[in-house]
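# Structure at a glance
One-letter residues, chain by chain:
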Amino acid sequence: MSTEAPRPDASPDWLPWPVRIVLVRTTHPGNIGAAARAMKTMGLTELVLVAPRDFPHEEATARASGADDVLTAARVCPTLEDALVGCRLVMGTSARLRSVTWPQLEPRAAAAALLESAREGPVALLFGTEKSGLSNEELDRCQVLVNIPANPAYSSLNLGMAVQLLAYELRLAWLGDTRTAVEREVPLARADDLERFYTHLEQVLIHTGFLDPAYPRQLMRRLRRLYARARPDEQELNILRGILSAVDPLGEAARRRRGE
Ligand code: SAH
């Protein structure tokens, strides 16, 4: 069972579950302030900034209005990896679709899924940089993509507006959510452990000759998508790591088998 036990008597002022709003490489400090305000109006408090261009900044404080407490408490991380440590579910918002199609949810369903997982531990919702959004490598870190179904001819919302909309959906999901948490024997695998698994998997695929590093195509991306759909728990991930170690021709187990 998770240690983050539900608090059924929590007041409706603040979301009682750990939902991180992660702004990646934000260019305009005003948008950071707007995001903080959007979050506070909806009872969210956990703001994480990955490599913001200008922060702290007076424009961020001005746009936060009365939400400067959320801004002051914001955690600034040098890399996305740092921001995602410990997260059980990572979702990324995007105005456009990927070349490799990815598990995708509309904001309402995404909010419900985030809340459900947040009962077991931290979850993250990522927002990209203003001009280009989340990069492919950043989207690779997400198990699910969230698209606001805007006008296809003009689909890119202002960053602060996108945060507002998702924060609102999270609030609606929370206020309307009377279901009990899913009982899970083993907690879901954490984002950082998943990354170590993907690195291990890639090494073994190279060692076995299945993956040619000179010609990787989209293999790792497609495998990430497969595991993103499966959402392994900690025990399942340990089993997968154990299998990789056992079959790695250059690994410890193979050396032992050869009597080396
Ligand atoms: N051209 C970029 C737009 C970036 S807008 C792109 O294609 O993604 C900055 C951020 O706002 C995005 O990275 C995303 O986090 C959010 N955003 C804007 N419009 C969105 C939409 N229609 N659906 C989901 N997120 C959106």
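Residues numbered from 1 in each chain as written. Predicted model: local features only at pLDDT ≥ 70, side-chain atom pairs only at ≥ 80, totals over all residues. Heavy atoms only, no water.

### Here we look at the overall build of the chain
The number of helices and strands found in the chain is eleven helices and seven strands. Per-residue burial over the chain gives 47% buried out of 260 residues. Taking as baseline every contact in the chain between residues at least 6 positions apart, the subset at least 24 positions apart corresponds to 83%. Separation between the mean location of the 32 positive side-chain charges and that of the 33 negative ones in the chain comes to 4 Å. (Helix = DSSP H or I, 4+ residues; strand = E, 2+ residues; numbered from the N terminus. Buried < 20%, exposed > 50% of the residue type's maximum accessible area, 1.4 Å probe, protein only. Contact = heavy atoms within 4.5 Å. Lys, Arg positive; Asp, Glu negative; His and termini not counted. Charge placed at Lys NZ, Arg CZ, Asp CG, Glu CD.)

### Examining the side chain of Asn147
Tracing the sequence through the fold places Asn147 in the loop between β7 (144–146) and α7 (159–176). Relative accessible area serves as the criterion here: at 19%, Asn147 is assigned to the buried category. At a separation of 2.8 Å, a polar atom in the side chain of Asn147 contacts the main-chain carbonyl oxygen of Ser94. Apart from the residues lying within four places of it in its own chain, the contact partners of Asn147 are Ser94, Ala95, Arg96, Gln104, Leu105, Glu106 and Pro107. (Polar contact = N/O pair within 3.5 Å; in protein donor to acceptor, adjacent residues only side chain to side chain.)

### Section: the nonpolar core
One finds Ile21, Leu23, Leu47, Phe127 and Val163 to be the most contacted residues of the largest nonpolar core, which totals 41 residues. Looking at which element gives the most residues to this core, the answer is α7, with eight residues. Those residues in contact with Leu47, other than ones at most four positions away along the chain, are Ile21, Leu23, Ile32, Ala36, Met39, Val70, Leu71, Ala74 and Arg75. The next biggest cluster of nonpolar side chains, apart from the first, holds 19 residues, and it includes Cys77, Ala83, Cys87 and Leu134. (Core = buried A, V, L, I, M, F, W, Y, C linked by side-chain atoms within 4.5 Å.)

### Observations regarding the sheet that holds strand β1 (residues 19–24)
In any sheet, the strands associate via hydrogen bonds between backbone groups, in a parallel or an antiparallel arrangement. The parallel open sheet is built from seven strands, whose spatial order is β3-β2-β1-β6-β4-β7-β5. The strands lining the two open edges of the sheet, one partner per strand, are β3 (75–77) and β5 (104–105). Bridge count for β1 against strand β6 (residues 123–127) is five bridges, and the pairing is parallel. Across the sheet, residue Leu23 finds its bridge partner in β6, namely Phe127. Contacts from helix α1 (residues 29–41) reach β1 and β2 (47–50) within the one sheet, and its direction differs from that of β2 by about 160°. With respect to the sheet, helix α5 (residues 107–118) is in contact with β1, β4 (89–93), β5, β6 and β7, its orientation differing from that of β4 by roughly 155°. (Pairing = 2+ DSSP bridges. Axes fitted to C-alpha atoms, helices over the stretch in contact; angles between N-to-C directions.)

### Observations concerning the site of the ligand
Taken together, 20 residues lie near the ligand, and Thr93, Gly128, Ile148, Ser155 and Leu157 sit nearest. Here a nitrogen atom of the ligand sits 3.3 Å away from a polar atom, N or O, in the main chain of Lys131. One of the backbone nitrogen or oxygen atoms of Ser155 is found 2.8 Å away from a nitrogen atom of the ligand. In isolation the ligand offers 540 Å² of accessible surface; the protein chains occlude 93% of this area. Here the residues of the shell around the ligand are counted per class, giving eight nonpolar, nine polar and three charged. (Near = heavy atom within 4 Å. Areas by Shrake-Rupley, 256 points an atom, 1.4 Å probe, with all protein chains shown as cover. Nonpolar A, V, L, I, M, F, W, Y, C, P; charged D, E, K, R; others polar.)

That is the geometry; function is a separate question.
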